[in-house]
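Now for the letters of each chain:
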Amino acid sequence: MDIKKLTAIQHLYFNTGKTRSITFRLHALERLKNGIVRMEKEILDALCQDLGKSAAEGYMTEIGMVLSEISHMQKYLRFYAAKKYVVTPLAQFCAVSYKVPEPYGVVLVMSPWNYPFMLAMEPVVDAIAAGNTVVIKPSDYAPATSAVIAKLAAKCFRSEYIAVVTGGREVNQDLLEQKFDYIFFTGGKTVGHLVMEKAAAHLTPVTLELGGKSPCIVDSTADLKLAAKRIVFGKFLNVGQTCVAPDYLLVHQTVKNKLLRYICMEIREQLGTDPMHHPEYGRIVNEKHFKRLTGLLKDQKIVIGGESDEAHLKIAPTVVDKVTLSNPLMGEEIFGPILPVVTYKTREEAGKIIQANATPLALYLFTGSRKSKAYFMKNIRFGGGCINDTIIHLATSHMGFGGTGESGMGSYHGKDGFDTFSHYKSIVDKKTWIDLSIRYHPYNGLKEQLMRLFLK
């Protein structure tokens, strides 16, 4: 596919104004929803082929999330797209002031491999709702899902409106040389730096959804049994290959041993005594990541797990105890089924441990203490998170999801997603039946007094 020609065609199509129609957008969302429903089995089969995802997990974490976002946009789009009237200052009498959203134009959505359908299509839903045309670049690490996304887009839309470009690093570089009106990128920090650098050449605005070391704090007042259940779910979902998975466990020293016993029990309860052969436990995406993860397990004190199968790219759910801040497990985002355990004595010490790393994308706190809630919510900077649960904060269209600092910039889902792909024009509609002379030359003492009165 000629990428330069494709982007030119999309710019021409956007300039026809067709995508600005609310009716057009709603019809496009309906076509996409119907296409996903018709191709559900193909999508689930592709997710299984790429990542070993079960049908239940594939629907819960990918297809269902996208369908939910479409339904939300169908319900609220007319409200989101309406003029928003604001108060007009007395100095601008007599006028009406309002803000009106308009689409940016041609949008590039670049998605990763870990949730290859959801993380490609959710921002596309938001971009369509905002009235843009879209070029989708799915990850070449998930080739089966990328092919299904391309098939879905071709069945539902013409390429001048929604198009999919597949390929590896050279294709990414070629895309980033083009002039887009907005770029939405989900992935790692290394490529995120490149995206931002290339976007700067065209002064193109960007959203970066990155990652980081997301802490999971368990204090001495937490319901340990429930905490273990929810930590195991959040950490080992998609074999730990989740950008908002708990990256490390930060547990109060007085409850560590009890919590670890409960976590071991929950791993067996949820995934059986032989998780690597459990039908709903997936695999590592490729050999490169498998070797990186198994390398991190060398010379570690393993509480449970640690087994691996290179032939099938499987690593058992693993908990590692007695981890120090200098341990290799604390040096990078793990992005796999390994949970390091770090202990702390005071809230302040826990806070310093978290702040020693880059700003996390997510933070999870298990506590029954209002003081603990207040301390961590007030003093620790992070993208989003949960109190007494994990990862579910991203599973709603009624709150935005995004990072801050090194974990990203910008947000999406629901209204935040619509706003991300929209520019708000500020308009003052001035009436002509009166024209106050105060702002015109020549200025005098009376005019200055009136200015001071109006502009306080």
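Bear in mind the structure is a predicted one, so any value in this text is a computation, not a measurement.

Before going further, it helps to spend a moment on empty space enclosed by the protein. For the coordinates displayed, the defined rule picks out 2 cavities of 30 Å³ or more. Counted as a void, the largest cavity has a volume near 40 Å³. If you go around the largest cavity, the residues you meet are Gly212, Lys235, Gly240, Thr242, Cys243, Ala245, Pro246, Asp247, Glu333, Ile334 and Phe335. Residues belonging to the lining of the largest cavity are distributed by class as follows: 5 nonpolar, 3 polar and 3 charged. In this structure, the second largest cavity is lined by Gly52, Lys53, Ser54, Glu57, Asn238, Val239, Glu280, Tyr281 and Gly282. Split by residue class, the lining of the second largest cavity holds 2 nonpolar, 4 polar and 3 charged.

To describe a pair of aromatic rings, you give the distance between the ring centres and the angle between the ring planes. For the structure shown, the criterion picks out 15 aromatic pairs. Relative to Phe376, the ring of Tyr375 lies with its centre 5.2 Å away and its plane at 85 degrees, an arrangement referred to as edge-to-face. For the pair formed by Tyr375 and Phe376, the shared burial category is buried. Taken together, Tyr104, Tyr182, Phe184, Phe401, Tyr412 and Phe421 form an aromatic cluster joined through their ring pairs. The ring centre of Tyr424 lies 6.0 Å from the NZ or CZ of Lys99, which sits over that ring.

What follows deals with the sheet that holds strand β8 (residues 215-218). On the basis of which strands lie adjacent, the open sheet formed by 7 strands has the order β10-β13-β14-β9-β8-β15-β16 and mixed pairing. The open sheet has two free edges, formed respectively by β10 (301-304) and β16 (384-387), since each of these has just one partner strand. Strand-to-strand twist in this sheet, taken as the mean axis angle between neighbours without regard to direction, amounts to 25 degrees. The pairing of β8 with strand β9 (residues 248-252) spans 4 bridges and is parallel. By the bridge assignment, Val218 is partnered in β9 with Val251. In this fold helix α13 (residues 370-379) packs onto β8, β15 (362-366) and β16, with an angle of close to 170 degrees to the strand it touches most, β15.

Let us look at unusual backbone geometry. Here the residue pair Phe93 and Cys94 is connected by a cis peptide bond, since its omega of 0 degrees sits within 30 degrees of zero. Within the secondary structure, Cys94 sits in the loop between β1 (84-86) and β2 (95-103). The omega torsion of the bond from His441 to Pro442 falls at -5 degrees, within 30 degrees of zero and hence cis. Looking at where Pro442 falls in the secondary structure, it is placed in the loop between β20 (422-430) and α15 (445-454). Phi is positive for Phe335, close to 55 degrees, though the residue is something other than glycine. Checked against the element boundaries, Phe335 lands in the loop between β13 (318-321) and β14 (338-344). Residue Phe335 is classed as buried on the basis of its relative accessible area, which comes to 16%.

The next thing to look at is the layout of surface pockets. Quantified by volume, the largest pocket comes out at close to 1,200 Å³. Looking at the lining of the largest pocket, the elements with two or more residues in it are α7 (169-176), β6 (182-186), α8 (189-201) and α11 (287-296). Per-element tally for the lining of the largest pocket: the top contributor is α8, with 4 residues.

As a further point, take helix α1 (residues 3-15). In this model, α1 (13 residues) spans 18 Å end to end at C-alpha, consistent with the 18 Å of a helix rising 1.5 Å per residue. Three or more residues of α1 are buried, namely Ile3, Leu6, Thr7, Gln10, Tyr13 and Phe14. Projected down its long axis, α1 shows its buried positions confined to an angular sector of 120 degrees, all on one face. The outward face of α1, more than 90 degrees from its buried face, is lined by the exposed residues Lys4, Lys5, Leu12 and Asn15. Here the buried face of α1 lies against α2 (22-38), β2, β3 (106-110), β4 (133-137), β5 (162-164) and α7. Two or three places before Lys4, at the opening of α1, Asp2 has a side-chain oxygen 3.2 Å from that residue's backbone nitrogen. Positive backbone phi, approximately 85 degrees, marks Gly17, located one or two places after α1.

Within this structure, the stated rule accounts for 16 salt bridges. Measuring nitrogen to oxygen at the nearest pair gives 2.6 Å for the salt bridge that ties Lys198 to Glu177. Here Lys198 is found in helix α8, whereas its partner Glu177 is found in the loop between α7 and β6, with 21 residues between them in sequence. Exposure remark for Glu177: the relative accessible area of 43% places this residue in the partly exposed category. Put simply, Asp419 and Lys415 hold a salt bridge, and the shortest N to O gap is 2.9 Å. Note that Asp419 and Lys415 are positioned in helix α14 (residues 414-420) at a spacing of 4 residues, about one turn of the helix.

Relative to the assigned elements, Gly58 resides in helix α4 (residues 55-81). Look at Gly58 and you get buried, because its relative accessible area is 0%.

Right, let's get into the sheet that holds β1. Ordered by their spatial adjacency, 3 strands build an open sheet running β1-β2-β20, and the pairing between neighbours is antiparallel. Of all strands in the sheet, those bounded by a partner on one side alone are β1 and β20. Mean inter-strand twist for the sheet, computed between neighbouring axes without regard to direction, equals 30 degrees. In terms of strand pairing, β1 meets β2 through 3 bridges, oriented antiparallel. Bridge pairing links Tyr85 to Tyr98 in β2.

This part takes up a nonpolar patch on the surface. Taken together, the side chains of Leu90, Phe93, Trp433 and Leu436 present a nonpolar region at the surface, about 440 Å² in accessible area. Of the residues examined, Leu90 reaches a relative accessible area of 56% and is grouped as exposed.

Criteria and cut-off values
By convention here, each chain's residues receive numbers from 1 onward along its written sequence. With pLDDT at 70 or above as the cut-off, local features in this predicted model cover only qualifying residues; side-chain atom pairs require 80 or more to be listed or tallied, and sums for whole chains, interfaces and linings still use all residues. Only heavy atoms go into the side-chain values, all of them from the structure, while hydrogens and water stay out. Buried and open spaces are told apart on a 1 Å grid over the protein atoms alone, a cavity being a set of points where a 1.4 Å probe fits but cannot get out and a pocket being an open set with protein on both sides within 12 Å along at least five of seven lines. Residues with an atom within 4 Å of a point are the lining residues. Grid points are joined across faces, edges and corners, and a volume is the space filled by probe spheres set on the points. By the convention adopted, Pro, Cys, Tyr, Trp, Phe, Met, Ile, Leu, Val and Ala count as nonpolar, Lys, Arg, Asp and Glu as charged, and the other residues, Gly among them, as polar. Put simply, two rings from Phe, Tyr or Trp (the six-membered ring, in Trp's case) pair if the centres are within 6.5 Å, and we call them stacked under 30 degrees between planes, edge-to-face over 60, tilted for the rest. For each residue, the accessible area found with a 1.4 Å probe, counting protein chains only, is set against the maximum for its type, and the residue is called buried under 20%, exposed over 50%, and partly exposed in between. Placement of a charge over a ring requires the Lys NZ or Arg CZ to be within 6 Å of the ring centre, with the centre-to-atom vector within 35 degrees of the ring normal. Here a strand pair is declared whenever DSSP counts at least two bridges between the two strands. The numbering of helices and of strands both runs from the N terminus, where a helix is a DSSP run of H or I of at least 4 residues and a strand a run of E of at least 2. Angles run from 0 to 180 degrees between N-to-C directions of axes, and those axes are lines fitted to C-alpha atoms, restricted for helices to the stretch in contact. In this description, contact between two residues means that some pair of their heavy atoms is separated by no more than 4.5 Å. Multiply 1.5 Å by the residue count of a helix minus one, and that product is the helix's expected span. The arc in question is formed by the directions pointing from the helix axis toward the C-beta atoms. Counting of polar contacts relies on pairs of N or O atoms within 3.5 Å, with two restrictions inside protein: one atom must be capable of donating a hydrogen and the other of accepting it, and residues adjacent in sequence are counted only when both atoms are side-chain atoms. Here, a salt bridge means any Lys or Arg side-chain nitrogen found within 4 Å of an Asp or Glu carboxyl oxygen. Residues qualify for a patch when their relative accessible area is over 30% and they have no salt bridge, like charges being joined within 9 Å and the nonpolar side chains of Val, Leu, Ile, Met, Phe, Trp and Tyr within 5 Å. Surface exposure here means Shrake-Rupley accessible area, sampled with a 1.4 Å probe, where a residue is shielded only by the protein chains that are shown.

That is the geometry; function is a separate question.
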